[in-house]
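Remarks on the overall topology
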Amino acid sequence: QVQVVESGGGLVQPGGSLRLSCAASATYFNITTMAWYRQAPGKQRELVAAVTGLGTTDYADSVKGRFTISRDNAKNMVYLLLNDLKPEDTAVYYCNFKPTDWTRISRWGQGTQVAVSS
């Protein structure tokens, strides 16, 4: 069970950057794989990036090379650096843990809105 609070979203022009932060609370945070997800209007929620407790990362093809996920176990924080933002990145971004089947996650935070527009 994890509890998270996301922040850092905002309105950015195409090509701009943004850094999202996730303050997490979990009993075994250091060994819990964390991830950023996003849901665009009218779309299904999707996995954007994941990072294991030891720092191994994985990204969706759509953001590979542009986004960077990281974590600070000492601070129970997870971050997502979004570079070269595109309009299609517009979505509400959520932070949560990454179980084998993440689609079964029932508890989600408020998320943080990222809007990429001219």
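Just so we're clear, the structure is a prediction, and the values are computed from it rather than from any experiment.

Glancing now at the pairing of strand 3 (residues 18-26). Here six bridges tie strand 1 (residues 2-7) to strand 3, and the two strands are oriented antiparallel to one another. Bridging across to strand 3, S7 finds its partner in S21. As paired strands, strand 3 and strand 8 (residues 77-82) are joined by six bridges and run antiparallel to one another. Within strand 8, the position partnered with L20 by the bridge is L80.

The subject of this paragraph is the sheet that holds strand 9 (residues 91-97). The six strands lie next to each other as 2-10-9-4-5-6, forming an open sheet whose pairing is mixed. Of all the strands in the sheet, just strand 2 (10-12) and strand 6 (57-59) have a single pairing partner and so form its edges. Recorded for the sheet is a direction-independent mean angle of 25 degrees between the axes of neighbouring strands. One ladder, built from three bridges, connects strand 9 with strand 10 (residues 112-116); its direction is antiparallel. For Y93, the partnering residue across the bridge sits in strand 10 and is T112.

Time to look at the environment of S21. The residue S21 is located in strand 3 in this model. Contacts of S21, omitting those with residues within four sequence positions, involve V5, E6, S7, W36, M77, V78 and Y79.

Turning our eyes to something else, we now look at the environment of F29. With respect to the helices and strands, F29 occurs in the loop between strand 3 and strand 4 (34-39). Note on F29: relative accessible area 2%, which makes it buried. In this structure the C-alpha to C-alpha distance between F29 and T112, which are 83 residues apart in sequence, comes to 21 Å. With residues up to four places along the chain from it excluded, the contact list for F29 reads A24, M34, R71, D72, N73, N76, M77 and V78.

Moving on: the packing of aromatic side chains. Tallied over the entire structure, the rule returns three aromatic pairs. Summarising the aromatic geometry, the rings of Y37 and W102 are spaced 5.0 Å apart at their centres and angled 45 degrees between planes, so their arrangement reads as tilted. Here Y37, found in strand 4, pairs with W102, found in the loop between strand 9 and strand 10; they are 65 residues apart in sequence, far enough to count as distant. Both residues of the pair, Y37 and W102, belong to the buried class. Between Y37 and W108 the ring centres are 5.1 Å apart and the planes differ by 90 degrees, which places this aromatic pair in the edge-to-face class. Within this pair, whereas Y37 is found in strand 4, its partner W108 is found in the loop between strand 9 and strand 10, the two being separated by 71 residues in sequence. We classify Y37 as buried; its relative accessible area is 0%. By the ring-pair criterion, three or more aromatic residues cluster together here, those being Y37, Y94, W102 and W108. Taking NZ or CZ as reference, R45 lies 4.5 Å from the ring centre of Y94, over its face.

Thresholds, definitions, all that
- Residues numbered from 1 in each chain as written.
- Predicted model: local features only at pLDDT ≥ 70, side-chain atom pairs only at ≥ 80, totals over all residues.
- Heavy atoms only, no water.
- Pairing = 2+ DSSP bridges.
- Helix = DSSP H or I, 4+ residues; strand = E, 2+ residues; numbered from the N terminus.
- Axes fitted to C-alpha atoms, helices over the stretch in contact; angles between N-to-C directions.
- Contact = heavy atoms within 4.5 Å.
- Buried < 20%, exposed > 50% of the residue type's maximum accessible area, 1.4 Å probe, protein only.
- Phe/Tyr/Trp six-rings, centres within 6.5 Å; stacked < 30°, edge-to-face > 60°.
- Lys NZ or Arg CZ within 6 Å of the ring centre and 35° of its normal.

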